[in-house]
Each structure stands twice: as C-alpha cells, then as structure tokens.
Protein chains: 2
Amino acid sequence: MKRKLLILPALLLAGMSFAQEVDLAAIEKIKKEGLENSKVEEIAFQLVDKAGPRLSNSEGYERAVDYAIQQLSDWGLQNANAEPWGEFGRGWEMEKSYIAMTSPYYMPFIAIPKAWTESTKGEVSGKVYFLDIKTEEDFAKYKGKLKGAIVAIKPTGTQEPTYEPDAVRYTAEQLHGMEHPAPRGGGNGSYTPEMIAELRAARAFSQKINEFIASEGPALIIKGVNGRHGTLFTSSPRGYIKDTPDVIPELETAPENVNLMARLSENGVEVEIEAEVKTRFRTEDLQGYNVIAEIPGSDPSLKSEVVMLGGHLDSWHGANGATDNAAGCIVMMEAVRILKATGLQPKRTVRIALWGGEEQGLHGSRGYVAKHFGDRETMELKPEHEKLSAYYNIDNGTGRIRGIYLQGNAAAEPIFNEWFLPLDDIVEDRTITISNTGGTDHQSFDALSLPGFQFIQDPVEYRTRTHHTNMDTFERLELDDLKQMAVVIASFVYNTAQKDEMIPRKELRKVE
Amino acid sequence: MKRKLLILPALLLAGMSFAQEVDLAAIEKIKKEGLENSKVEEIAFQLVDKAGPRLSNSEGYERAVDYAIQQLSDWGLQNANAEPWGEFGRGWEMEKSYIAMTSPYYMPFIAIPKAWTESTKGEVSGKVYFLDIKTEEDFAKYKGKLKGAIVAIKPTGTQEPTYEPDAVRYTAEQLHGMEHPAPRGGGNGSYTPEMIAELRAARAFSQKINEFIASEGPALIIKGVNGRHGTLFTSSPRGYIKDTPDVIPELETAPENVNLMARLSENGVEVEIEAEVKTRFRTEDLQGYNVIAEIPGSDPSLKSEVVMLGGHLDSWHGANGATDNAAGCIVMMEAVRILKATGLQPKRTVRIALWGGEEQGLHGSRGYVAKHFGDRETMELKPEHEKLSAYYNIDNGTGRIRGIYLQGNAAAEPIFNEWFLPLDDIVEDRTITISNTGGTDHQSFDALSLPGFQFIQDPVEYRTRTHHTNMDTFERLELDDLKQMAVVIASFVYNTAQKDEMIPRKELRKVE
C-alpha cells in the first residue's frame, strides 16, 4: 500500500511531461546485460582485493588506476587515461603495524597507524601515560613530561551492546519522509550559528592538543577511536602535503583496548605496551590523478555534449575500501561496460571519472572541475561548462538505489520520475527528493551550478561498520545491490545522452 | 497483555502451595542492597580487567583465584580456599601474537594463537599455501609438501551484512514458547541418529586432517575461524594435558583476512605473510583448582545441609572472558556479598563455587562433584549427596534472568514459582520451563540426580559477539543486568536455605 502511494504521484508527473521519451527497448537491454551477465564481482575482486587499500598516491591507488585504465580500454572505451588534477602530495605506505599490552598481562591490540604518520624508532616499549586534556589549565600537567613517552588518549564513544542491526535498509516510511524538502541553508543542515561556533571551538582546541603533543615529542601516540567489536574508524592528519613537518607515529586503536588500559591506569595498575610502526613516504610524483575514459557520442551534432558518471577511487588505508568507495567505482565501471556490451550508441559523449583525493577534501573532482568547467571562487566559467548535461555520482556504500537527491534542481524532477518508471521492478519505493546530500564529489559540480546528482542508497552497514574502518572488506559488498545500481546508472546515463535537451540547470550561483 | 497471560498461571500455582513461605522482608532487604548498593562494577573490574584472560592454570586464572579468595574472606565468608579437583594439566601464556600479509601489499591481520600451541621459531615469513582437504583423496595433494611451510585453511562461515541486531532480548512470545517442554531424549535435542553419525564422521575427518597437518610439520597454521567485523571465535586443541605432543603454532585469524588471501591465491596472486607467535607453558603445578567459600548455616539442625551457587571462573584467552563467564562469577560473588551485607542469617550453609576447567569439559565441577557427592559412572554416592539442597549456576553471559530451566524436575516448579513472585518487578515475563539446558556446570550435579539448575537469561550479544571471542571485554557487560541477576540468585539461595525441606529431587538416575 505504501509503495503505491509513492508511485502514484510519480505516474502523474510522468504523464505531464509528454516531451520526454524513454527508449524502453534500450532499458530492457541494459537490465538484461546488467542483471544476467554482470561483471561486478570480477571488478570488485580487482579493485578491492587485488589493488588493496587505495590511499591517494599510494601503490594501491596506482594499481587501481592501472587496472581501471586497462579494463576500460579493453571494453572499448576511448581516451582512457590518468589525468592529473593538480598537486596532491606525498604517497604513504604501511609496512608494519603491531601493538600489544605487555603488562599487567599480554594482550594483542587491534590498531592501524594514522595515515601519513612516521615510523617509530624500531620497536618501542614501556609504560603508557594517559593524557586527559579538557581545559587550557590541563596542558601544564603534561608540559615537559612527554618527551620520548608512549601516550594514550581515551576514545569518546561508547561500546555497549547493540540492540539495533548493523545493517539496515530504508523503509517505505523513511523514504517517504525524505520527499519533504529539508530546510534550505548553507549546506549545514539544522546547525544553528551557536552550534557551528561551538563545533569550531572544539575543533580548534583539539588542534591545539595535537600541536601540544607534537611539540612535546612523545615516541608514540595511542589513540582510542570510535567503533566496537574489533571494528575501528580511522582518520588522518594532513601529512600528505609536501613539506609538512614529520607527524609523530600514532596508532588508532580499538576503543576496547584503550579503555582497558585506561581503567587499569585509573585504578593504579601500571600498564606497559610494545609497538612497532613502520611507514614509507613516496615523493617521486606529488601529482594527483583521476581516471578518465569515454564512449564518444554517436550523434555528430550532440557528441560535443557530455554526460559524466563517477565515484572516488581512493580509499582510507585500514582495509580495502570496499564500500568506500570501490562500490561506486565498480558500479560506474559496470555501467559503462553495460552500455558497450549492449551495443547501444549514446548520442552524447559518455565520460566516466574515477576520482582521487576525495577523502582528503574532494581534491580530484574539484581539480577536474576547475580545469574543465570553471573557478568555484570567482564563478568564471570555461567553454566546457555549457557542454555538460549532468554528472551522476555514487559514494554511499554498497546499498541499492532507492531514489535520487535533486540537489535543489526542481526542474529535473519530472525527467527523473519518468526515467525511474521502467526501473520500477528493481527500485523499491523509489523516492525523489528536492534535498541536498553532501560529502562527496557531485558537490564539486554543484558548486559551479552544474547538474551534479547523487542517489539515495540503502545504508546497509555503511555508518556502523564500513566507511573509513578496518573492516571495509570484500565481504561487506552486497553484489546484487551493485548490479541493481549499475543498471540504474546505465539507464540514467543513456537517457541523459539521448534526451533532446540537456538536463535543466539551477540558476547560476552568484559570487557573494 | 502477554505478560499477564504468563503471570496468571504462576499466581495460581503459588496459591496452591500453602506449605511454602517466603520471607518477604528478607527479599526486600536483598533487593535494596543489590540494586542500591551494588558492587558488581568493582567485582567486574577485578575479574575482567585486572585478572585478565583466565585460561585454566594460567597466570590470569591464578590472579582471579587469589582475588576471589581474598574478597570473599573480606566480606566475611568462611573457609575461602582454592580446592584442588584433580589434575588439569599445563598452564599456557601468550607472549607474542603478530601476523600481517606482506605481499601483494601490507595488511595487519586480527588473530589469536590457539591455546596451548607452541611458539613459532622466531618470526616466520613467506608464501602461504592454502589447504583444501574435503575427501580422503585430497591428502595426496599435500603429502610431503608442507614441511616448514605456512599453511592456511579457509573459514567455513560467511560474513555478509547483518540485518539482525547483535544484541537481543527475549520477547514474551519467545519465553512463552519455552514453557512447552522440549522433546525428551539423551540431551541431543532434535538430532536424529543419522545426524549424530554424520556429525561424528565430520569430527573424525577433521581430526584426521589435523593429524595429517601435524605429521607434515608446517611452520605455522593460519586458520580462518567464525566471526565478522573484527570479532573472531577462538577454540583450542587439547594441548593442556600433561605429556601431550607439541602442537604446531596456529593462529586463529579473522575470516575476512583469511578469505582475502584465499581469493588472491585462487586468482593466481601469490600471497606472503610474516608472523610471530611466542607462547610459554607452565608445568610447576598441574593440579586444577576451584574457589570455594561458605556462609555457615545459622540453624544448628540445618547447618549440615548445603545450598550451592556457582559459575566457572576460567575463560578462553582471546579476551578477558567478561561474559563467559566473569559475568556468572560476578553475580555469584555479589549474591553472597548481598547475603552478608544484609545481615540475613541463612539457616542452611551457603557455599559458593567458582569452577576451573569448565571450557575444556566441565572439569572443575565434575571433579568437585566426584570428590564430594559420588561417581557419575557407577552412581555410587557419598554421604554429602544427601546434604545438598540445590545448586544454582549462571553461565549464559550478561543478560538478565527471565526464568529458570527445571532440568526435568517438575516438583520444583511450584516452589520456584512462588519465589519468583516477589521478584516480579525485576524479572520481566518470567518463565519456568521443564526443559533442560546444557553445556555448563549444573550438568555435573544433574548427572548425579542432584538438583542443579540454570536460569533463562536474555541472550544479549552472547552468541554473536562475546562467548569464546576476542571481543569478550568489559564493554560487553550490562551492569544493570548483573545487578538484577545477583538479586534473583541471592533470593533463591536464601529461600533455599530457609525452606522447611530441601528442594525435591528427581528419581536417582539408574546406571545402564
């Protein structure tokens, strides 16, 4: 019943837009190829298992770039290449990561070095000092005392039993709720100016703590992070930037492990650890790269116009970045493979982009957009800006598509509504919301008022277990969901390539 | 509504048993002490964090024994001591556990050495050979080829996203379902003779594989085990037994890690690892010990009769055994503390037992029962057999008590029904089932037809995350549930001590 409630308005809207035409036979071909002859498992093996962790400018990232270029070329795409987008900085490799408590008893810990941190001086061992800095006065307690020490910082989260599932799918009710536009604003959702000021102050104080610790020169930092049950969420300093000062070795450690040491310390039991971190920096090429490849348009009058699809190829380093974001790249590669395999001839040029440097600030897509479309600061536009119909992005994990965020572009709604209709058998309770979604590469396009879209995906384990964690492994992929996503994307891309007009745009953003 | 349905029959039954008397004022004292002045968190810190892993005859087990004896004595219990129950075997300590994949890229793995395995010869490194032995013919593939090799075995379980919560509590419906007696039988539930034969054959073949691998003499075995998201379930060979041949170093490893190596290998990518396992055996004292302590009975004519309560103090070694079974020991220690703190004077003697060697086959409780009550094989009984009223056990994790298993002792039902009534405000949907529950120390009593009971507890994360895992840490304890359990146990123990008659018994088991 709920499903019908959602479908009816879509049908009505579709009925209103007679100008649109969808090639239903083409969509059936796409479905058949994508659902019955899928290559998502094979692509997943290559990007996830074989390439491994794909931290920007790491060897794993290079392996993934090389594979993608070769594979896209083998499928018949043109101009497959690693296109530089600007300077990223140093690559970084993990060569050893070991930590265990050795007193009052032996216990191996689960930990991952923060990306771009230095090596320890061989194996370090000894007493653990807990830092507890909450106010400006607290610095004095530690001043001058941490040189060469092993310092630990407690996690802030909790790890009680979890009565909610790790993996969830959206209910029809939840999706229906998304149809109502979110409050508009500067992209900060419902944060008040006071909350933003508070967050900034907290971040500044946290930065001050980091600088204090660095200035004291400890031998190793053990940081309790979020997560539970052996899953831990990694993060990183900005140590990739050229000429950054050395960053003290830091192990992001399972909260259960750090809290064990903390409870022992707080109860007067001296805690000792042994640890070794070995890392290696790569400085031979500081350039950042995106993978770009094309299916040239078949219509001479439309081939100069472009439909783009993409996702970021880089990952964090604690695991193989299966859902963040090999998933998006698998789907996008499979989508262009489907278009080639079906023999469909898109009128406009289809261009896939697998971005680098997303995790450090959407660097790859921003660099690409700056080079091709214009300057986000001045809104000075380049000629290609007129030629991009739309950009479609996937970066919310392995969960199947349940709809799309319009990113405030109301004029696109009837078009997408019509395009979803023939996918109704595979997109359950599909939902189109005027809302924005943030945090990834479609924003680089949106910043230039280009139609950049991201899809509503089932969360599955993205927030609880996978994104940025040490457990973002092949097992976390729902292959059937990846197949569905590839079919939806291939359909949208094909429809965009064939449509009489380009996708309507929002008004050009004004520079303030 | 459902709750009422369950309560009504209990009230009716209670109304029928006029001979029983419950000292409601005493129960209120117990509740007040247990809920408002609880010491479960402090006991938990001592047994879980401070003692650490409590593998039988390990240093951690000794620390826990020493603490328990001292603590029970401090609370005023008598005769607190470590009572030997027979020969257990060698203690074992983990001194180093490290494994990482080094090729095709570096990735630290999550692993725990199997208990009682030997050390590697320093750090071992090199290519990983996967073993895939499914039939007798498969042995030939590996014969003579594994000497000094690093061999790996894939896990059998799967690790897809989990749409069910890790932690659950019983619903009223589920508890109601338990009230219906399970089919009676030899304790094997619904297994058919064919299924049992199949299971035995599988176990025998698995044993044969182990012996084959051992005879080939690899340097290290990497075993993919059950679990997910960084949680792994450990196991152990029987290497604790005196004069057991050396057991090859074996790392039980997260399934995601082993499956990564397996997929790479199967796709032609050579995989290398580096690993180091260092273990130490303790042979100075092979004796096994239980902790025993008493509150002597206050009634001269009844003090020779005994009410026992207990749980096993030993744990596996991958974590601190918080829910398996520090939880049971915390509850039982807190229950006797409550009885002392309230100043209640139990008429019969109350005896707490914290068992050793449970994880290797209920050794501690079996040894105790053999020494005090009789021979389970011959059913030759000792004089103390007549003097034990009941034994109450906790060993199903941190979840609160929701009822009790009668273990086939129908005559106890009206008694327990009456005893649960004044606990109705803290035992939700409490359920009394005629069924058996197995797998732990009350069975040692039941085997001699002594009234040995275990309680129905909410599962929480016991089956999914905690029992036998590397994640059975302090965080997994629900302290409020431990408080509730201690109050229920203290009430049951007190009522048993005060009751005019001892708890009725089942017919003496006949030796076949």
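What you are looking at is a predicted structure, and each value in this text was computed from that prediction instead of being measured.

Draft legend 1. Inspection of the confidence of the model for chain A at higher detail. Per-residue confidence for chain A gives a mean pLDDT of 93, with 94% of residues at or over 70. Note on residues 1–19 of chain A: pLDDT is under 50 here. Beyond four places in sequence and across chains, it has 23 contacts.

Draft legend 2. How the structure looks around the environment of Ser491 of chain A. All names here are of chain A. Note that Ser491 resides in helix 14 (residues 479–498). Given the relative accessible area of 0%, Ser491 is considered buried. Separated by 460 residues in sequence, Ser491 and Lys31 have C-alpha atoms that sit 8.4 Å apart. Those residues in contact with Ser491 that sit more than four places away from it in its chain are Ile27, Ile30 and Leu423. A polar contact of 2.8 Å, which involves the side chain of Ser491, links it to the backbone oxygen of Val487.

Draft legend 3. Broad picture of the packing of aromatic side chains. Evaluated as defined, the whole model comprises 45 aromatic pairs over all chains. Considering the side-chain rings of Phe416 of chain B and Trp419 of chain B, the 5.6 Å spacing of their centres and the 50° angle between planes classify their relative orientation as tilted. Of this pair, Phe416 of chain B and Trp419 of chain B both sit in helix 11 (residues 413–420), separated by three residues, roughly a single helical turn. Pair check on accessibility: Phe416 of chain B and Trp419 of chain B agree, each one buried. Among the aromatic side chains, those forming a connected cluster through ring pairs are Tyr392, Phe416, Trp419, Phe420, Phe453, Phe455 and Phe492 of chain A. Directly above the aromatic system of Tyr98 of chain B lies the positively charged group of Lys96 of chain A, at a separation of 4.4 Å from the ring centroid.

Draft legend 4. View of helix 11 of chain B. Counting buried positions over the eight residues of helix 11 of chain B gives six, a clear majority of the element. Among all positions of helix 11 of chain B, only Ile415, Phe416, Asn417, Glu418, Trp419 and Phe420 of chain B are buried.

Draft legend 5. Molecular detail of the interface of chain B and chain A. Every contact between the two is made by 59 residues of chain B and, on the other side, 59 residues of chain A. Summed over both sides, the interface between chain B and chain A buries roughly 4,500 Å², with carbon and sulfur atoms accounting for 58% of that surface. It is Tyr163, His229 and Glu475 of chain B in chain B that bury the most area against chain A; as a group they hold 16% of the surface buried on that side. If you look at where chain B meets chain A, you find ten salt bridges. One salt bridge connects Glu475 of chain B with Arg263 of chain A, and the closest N-O pair in it is separated by 3.1 Å. Looking at the side of chain B that touches chain A, the elements that each hand over two or more residues are helix 3 (40–50), strand 2 (91–103), strand 3 (107–108), strand 4 (111–113) and helix 8 (255–266) of chain B. The element contributing the most residues to the side of chain B that touches chain A is helix 8 of chain B, with six residues. A per-class count over the side of chain B that touches chain A returns 27 nonpolar, 13 polar and 19 charged.

Draft legend 6. Quick look at the pattern of salt bridges. All names here are of chain B. Throughout the structure, instances matching the rule amount to 78 salt bridges over all chains. Asp132 is the salt-bridge partner of Lys134, the closest N and O atoms lying 2.9 Å from each other. The class of Lys134 is exposed, set by a relative accessible area of 60%. Overall, the relative accessible area of 37% leaves Asp132 in the partly exposed class. Put simply, Arg400 and Glu428 hold a salt bridge, and the shortest N to O gap is 3.1 Å.

Draft legend 7. Looking closely at the UniProt feature "domain: Peptidase M28" (unreviewed entry) in chain A. The UniProt feature table records "domain: Peptidase M28" (unreviewed entry) at residues 290–492 of chain A. For residues 290–492 of chain A, the end-to-end C-alpha separation is 22 Å, with 31% helix and 20% strand making up the annotated structure.

Draft legend 8. How the structure looks around the pairing of strand 15 (residues 388–393) of chain B. Residue and element names in this part refer to chain B. The buried fraction of strand 15 is high, at six of six residues. Judged from the three bridges that link them, strand 15 and strand 18 (residues 452–457) form a sheet pairing that is parallel. Bridged to Tyr392 within strand 18 is Phe453.

Draft legend 9. Representation of a nonpolar patch on the surface within the structure. Nonpolar side chains collect at one region of the surface, where Tyr191, Met195 and Leu199 of chain A lie side by side and expose about 290 Å² of accessible area between them. Note that Met195 of chain A resides in helix 7 (residues 193–216).

About the cut-offs
Residues numbered from 1 in each chain as written. Chains lettered and ligands numbered in written order. Predicted model: local features only at pLDDT ≥ 70, side-chain atom pairs only at ≥ 80, totals over all residues. Heavy atoms only, no water. pLDDT = per-residue confidence, 0-100. Contact = heavy atoms within 4.5 Å. Helix = DSSP H or I, 4+ residues; strand = E, 2+ residues; numbered from the N terminus. Buried < 20%, exposed > 50% of the residue type's maximum accessible area, 1.4 Å probe, protein only. Polar contact = N/O pair within 3.5 Å; in protein donor to acceptor, adjacent residues only side chain to side chain. Phe/Tyr/Trp six-rings, centres within 6.5 Å; stacked < 30°, edge-to-face > 60°. Lys NZ or Arg CZ within 6 Å of the ring centre and 35° of its normal. Buried area = accessible area lost by both parts, 1.4 Å probe. Salt bridge = Lys/Arg side-chain N within 4 Å of Asp/Glu carboxyl O. Nonpolar A, V, L, I, M, F, W, Y, C, P; charged D, E, K, R; others polar. UniProt positions renumbered as here; feature names shortened; annotations may be inferred. Pairing = 2+ DSSP bridges. Patch = residues over 30% accessible without salt bridge, like charges linked within 9 Å, V, L, I, M, F, W, Y side chains within 5 Å. Areas by Shrake-Rupley, 256 points an atom, 1.4 Å probe, with all protein chains shown as cover.

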